[in-house]
Amino acid sequence: MLPQSLLLSLFFCTFIISSPFCSSSFLDEPLSNFFERTPAYNPSTAYPSYLGTIDKERVDDFKGSLERYDHLGTPATSLGEVNVEDFRAEGVGDTDDTEAFKKAWKETCSSDTAVLVVPKDKTYNVKPITFSGPCKSDSVTLKILGKIEASDNPADYASDLSHWLLFRNIQNFQVEGDQGTIDGKGEIWWENSCKINKAKPCTKAPTAVSFVQCDNLKLHGLRVYNAQEMHVSIEKSVNVEAFNVIVTSPEKSSNTEGIHVTSSENVHIIEPVIKTGDDCISIVDGSKNVKATGVTCGPGHGISVGILEGGKPKAPVSNVLVDHATLTGTNFGVRIKTWQGGSGNVDNIVFEHVKMKGVSNPIIIDQNYCDQETACKDQDSSVQIRNVIYKDITGTSATKNTTIFNCSKTFPCQGIMLKGINLS
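Quick notes on the rules
- Residues numbered from 1 in each chain as written.
- Predicted model: local features only at pLDDT ≥ 70, side-chain atom pairs only at ≥ 80, totals over all residues.
- Heavy atoms only, no water.
- Salt bridge = Lys/Arg side-chain N within 4 Å of Asp/Glu carboxyl O.
- Helix = DSSP H or I, 4+ residues; strand = E, 2+ residues; numbered from the N terminus.
- Buried < 20%, exposed > 50% of the residue type's maximum accessible area, 1.4 Å probe, protein only.
- 1 Å grid on protein atoms, 1.4 Å probe; cavity = no way out; pocket = protein on both sides within 12 Å on 5 of 7 lines; lining within 4 Å.
- Points joined across faces, edges and corners; volume = space filled by probe spheres on them.
- Nonpolar A, V, L, I, M, F, W, Y, C, P; charged D, E, K, R; others polar.
- pLDDT = per-residue confidence, 0-100.
- Contact = heavy atoms within 4.5 Å.
- Disulfide = S-S within 2.5 Å.

### Some words on the pattern of salt bridges
Logical step 1: Scanning the model with the defined rule gives 14 salt bridges in all.
Logical step 2: In this structure, the salt-bridge partner of Lys147 is Asp183, at a minimum N-O distance of 3.7 Å. Residue Lys147 is located in strand S8 (residues 147-150), and its partner Asp183 is located in strand S11 (residues 181-183); the two are separated by 36 residues in the primary sequence.
Logical step 3: What makes Lys147 partly exposed here is its relative accessible area of 27%.
Logical step 4: A residue is classified by how much of its surface remains accessible, and Asp183, at 10% relative accessible area, is buried.
Logical step 5: Salt-bridge contacts for Arg335 lead to Asp279; the nearest nitrogen and oxygen are separated by 3.3 Å. Remark: Asp279 occurs in the loop between strand S20 (273-275) and strand S21 (281-284) and Arg335 occurs in strand S25 (residues 334-339); sequence separation between them is 56 residues. Accessibility classification places Arg335 together with Asp279 in one group, the buried group.
Logical step 6: A single salt-bridge network, built from bridges that share partners, covers Lys147, Glu149, Asp152, Asp183 and Lys185.

What follows is the structure, encoded as structure tokens:
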């Protein structure tokens, strides 16, 4: 006999799905049967080999390729490496090291070796800075062994309120961060957020670390704390591997997404550990072939996929796989959210082998998402959501309703499948 909680969940889903606004399948058949029965679905192209099962040897190779950096000391560096202290970075925490970082990057990017070292046991205070390519070398490495700390003076961000550390147009870029930290010192930004202080106007805050147009990017052990807003943003990039990225901010922090992926392709997020005040992982507009595996999330707002900012043409989000995740005490679980008035589509999305521990709203599709001060108006256009699989989602819910599908009247959800759902 099915658990009472699951029966309630299935009853709730069936009630919604019986309306003309959502279509779904509750099957005990193999997943391939579902694909065959879904109209206009091409199983040969929907999930490319990129989204296959994790190859353990491939992950081990990725780890092994980085072990040669584990023994590094400071301030000495290997022959040809560039050290920020060579350009008078002091690393005492209360002096401005921005210019030293700029000069060190210029030297690194113009060299044949192209390895930049931030020494350990030091704290470097850095204002907003852009690390731009293309660089002379075919590959570039940044080794963060010490601590990079942001300015907490909002006036320092007057020329660019969107970024703190911006890496742009750097190809074959590898960032090693497992011995160091990046601290956004976001407290002043959270205190002035309209979501925390309703008397304050809603304004933007900087993303702590942004990678824009960085193809063939590898992030290993990157540790980002207390971001002003988003922690790590991957934008307009192709072929990205992010292994063991660790994000930590208080649950009360505002808009502090952990890892944000937009307009990027072939992205693999492996074994991240994320504690934050917003989405642990968000995969949005124009992203495809994105895989997140071995995710540890909580607190936060769970894992979300969608197209945001309704009313503007948006590129589709497709071929997303979330495989093996543990969510603990999050406000949401696995969520697809889109604004009314948007366009494009979200399709071929799989959430599987997900463990919920005291999660509110574990499974959600919301085509009427609205995150603004005033109520959103009803609109005829909407993002199409189709071909979504929830498989082996288990654990405990902190809310009565475990599954909510809030689908559009004009562009209803299509091809939604739930299999092996056991939430109590």
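### Concerning empty space enclosed by the protein
The rolling of a water-molecule-sized probe over the atoms marks out the regions of remaining empty space.
Logical step 1: Evaluation of the coordinates by the stated rule reveals 1 cavity of 30 Å³ or more.
Logical step 2: Each pocket or cavity is described by its volume, and for the largest cavity that value is around 40 Å³.
Logical step 3: In this structure, the largest cavity is lined by Phe101, Val126, Ile129, Phe131, Leu142, Ile148, Leu165 and Phe167.
Logical step 4: Counting residues per element, the ones that place at least two in the lining of the largest cavity are strand S6 (129-132) and strand S9 (163-168).
Logical step 5: Looking at the lining of the largest cavity residue by residue, the classes come out as 8 nonpolar, no polar and no charged.

### Some points on the confidence of the model for the chain
Logical step 1: Summarising the model, the chain shows a mean pLDDT of 83, and 76% of its residues fall at 70 or more.
Logical step 2: Contacts of residues 1-55 to residues separated by more than four positions or lying in other chains number 98 contacts, the stretch itself having pLDDT below 50.
Logical step 3: Under a pLDDT of 50 for its full length, residues 65-76 has, in the predicted model, 21 contacts with residues more than four places off or in other chains.

### Focus: the state of the cysteines
Logical step 1: Using the criterion set out here, one finds 3 disulfides in the structure.
Logical step 2: The disulfide partner of Cys109 is Cys135, and the S-S distance across this bridge is 2.0 Å. Because the torsion about its S-S bond is -105°, the bridge between Cys109 and Cys135 counts as left-handed. Of this pair, Cys109 sits in helix H5 (residues 98-109) while Cys135 sits in the loop between S6 and strand S7 (140-144); the two residues are 26 residues apart in sequence, bridging distant segments of the chain. Neither residue differs from the other here; Cys109 and Cys135 are each classed as buried.
Logical step 3: Disulfide pairing places Cys407 opposite Cys413 at an S-S distance of 1.9 Å. Here the disulfide of Cys407 and Cys413 is left-handed, its torsion about the S-S bond being about -100°. For the pair shown, Cys407 and Cys413 are each scored as buried.
Logical step 4: A disulfide-free cysteine, Cys214 has its sulfur positioned 9.5 Å from the sulfur of Cys135, the nearest such atom.
Logical step 5: Residue class for Cys214 comes out buried when judged on its relative accessible area of 0%.

### Observations concerning the environment of Thr394
Logical step 1: Looking at the element boundaries, Thr394 is found in strand S28 (residues 384-397).
Logical step 2: Residue classification places Thr394 among the partly exposed positions, given a relative accessible area of 22%.
Logical step 3: Remark: the alpha-carbon pair of Thr394 and Lys357, spanning 37 residues in sequence, is separated by 8.8 Å.
Logical step 4: Apart from residues lying up to four places away in sequence, Thr394 is in contact with Val354, Lys355, Met356, Gly420, Asn422 and Leu423.

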